[in-house]
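# Notes for the structure review
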Amino acid sequence: MSGDEVIKHYTSSSQCEVCGQSYETDDVRIVGHDGEIWILYVNCASCHSQNLLAALIDENEDFQSGRREHLTDLEGHETEKFENTEITSNDVLDMFNLLSGFSGGFSQLLG
Ligand SMILES: [Zn+2]
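Residues numbered from 1 in each chain as written. Predicted model: local features only at pLDDT ≥ 70, side-chain atom pairs only at ≥ 80, totals over all residues. Heavy atoms only, no water.

### Comments concerning the nonpolar core
Buried together is how nonpolar side chains tend to be arranged in soluble globular proteins. Counting 13 residues, the largest nonpolar core has Tyr 10, Tyr 23, Val 28, Leu 40 and Val 42 as the members making the most contacts within it. Of all the secondary-structure elements, those providing two or more residues to this core are α1 (3-13), β2 (37-43) and β3 (50-56). Filtering out sequence-adjacent residues up to four positions away, Val 42 remains in contact with Tyr 10, Tyr 23, Asp 27, Val 28, Ser 49, Gln 50, Asn 51 and Leu 53. The next biggest cluster of nonpolar side chains, apart from the first, holds seven residues, and it includes Ile 39, Leu 52, Ala 54 and Leu 56. (Core = buried A, V, L, I, M, F, W, Y, C linked by side-chain atoms within 4.5 Å. Buried < 20%, exposed > 50% of the residue type's maximum accessible area, 1.4 Å probe, protein only. Helix = DSSP H or I, 4+ residues; strand = E, 2+ residues; numbered from the N terminus. Contact = heavy atoms within 4.5 Å.)

### A short note on the coordination of the zinc ion
Taken together, the protein donors to the zinc ion comprise Cys 16 (SG), Cys 19 (SG), Cys 44 (SG) and Cys 47 (SG), at separations of 2.3 Å. Around the zinc ion sit four donor atoms; with metal-centred angles ranging over 105 to 113 degrees, the donor geometry is tetrahedral. Each donor residue of the zinc ion belongs to the same chain, and together they define the spacing C-x2-C-x24-C-x2-C. Take Cys 16: its relative accessible area is 3%, and that puts it in the buried class. (Donors = N, O, S within 2.8 Å, 3.2 Å for Na, K, Ca; no water. Tetrahedral: all angles 85-135°; square planar, octahedral: opposite > 155°, others 65-115°.)

### Quick notes on the packing of aromatic side chains
Within this structure, the stated rule accounts for one aromatic pair. Aromatic side chains Tyr 10 and Tyr 23 sit 5.7 Å apart centroid to centroid with 20 degrees between the ring planes, which places their arrangement in the stacked category. Placement of the pair is Tyr 10 in helix α1 and Tyr 23 in the loop between α1 and β1 (28-34), with a sequence separation of 13 residues. Looking at Tyr 10, the relative accessible area reads 3%, which means it is buried. (Phe/Tyr/Trp six-rings, centres within 6.5 Å; stacked < 30°, edge-to-face > 60°.)

### Looking at the confidence of the model for the chain
Residues at a pLDDT of 70 or more form 54% of the chain, whose mean pLDDT is 73. The low-confidence segment residues 64-76 (pLDDT under 50) makes 33 contacts with residues lying over four places distant or belonging to another chain. (pLDDT = per-residue confidence, 0-100.)

### A look at the environment of Asn 43
Of note, Asn 43 is situated in strand β2. Its relative accessible area of 24% is what places Asn 43 among the partly exposed residues. Taking the C-alpha atoms as reference points, Asn 43 and Asp 26, 17 residues apart in sequence, are found 8.8 Å from one another. Beyond its immediate chain neighbours, meaning those up to four positions away, Asn 43 contacts Asp 27, His 48, Ser 49 and Gln 50.

Here it is in structure tokens:
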């Protein structure tokens, strides 16, 4: 599956959790992926909330939106870091590196 297809799947199955706005393809960027795990950065065009999230995309099945979850590491105090700030490419890289090095693998993150 290409990044464009991943974005299309995501925008068609998800909406902003803050304001409920449907995402447009321009609102979503692929940060990176490792196998079936895609790291997405979304910036709501309506309320400008930003999220980094991991999506599990099985090429043999429909987009598993039910298993998409916000990254645990962005909960709590970590989210505050991103409030009212632009996410820089370094932040995204750090996150991707962190995920790539996650010892238990992505399955633990996605439960
Ligand atoms: Zn929104």
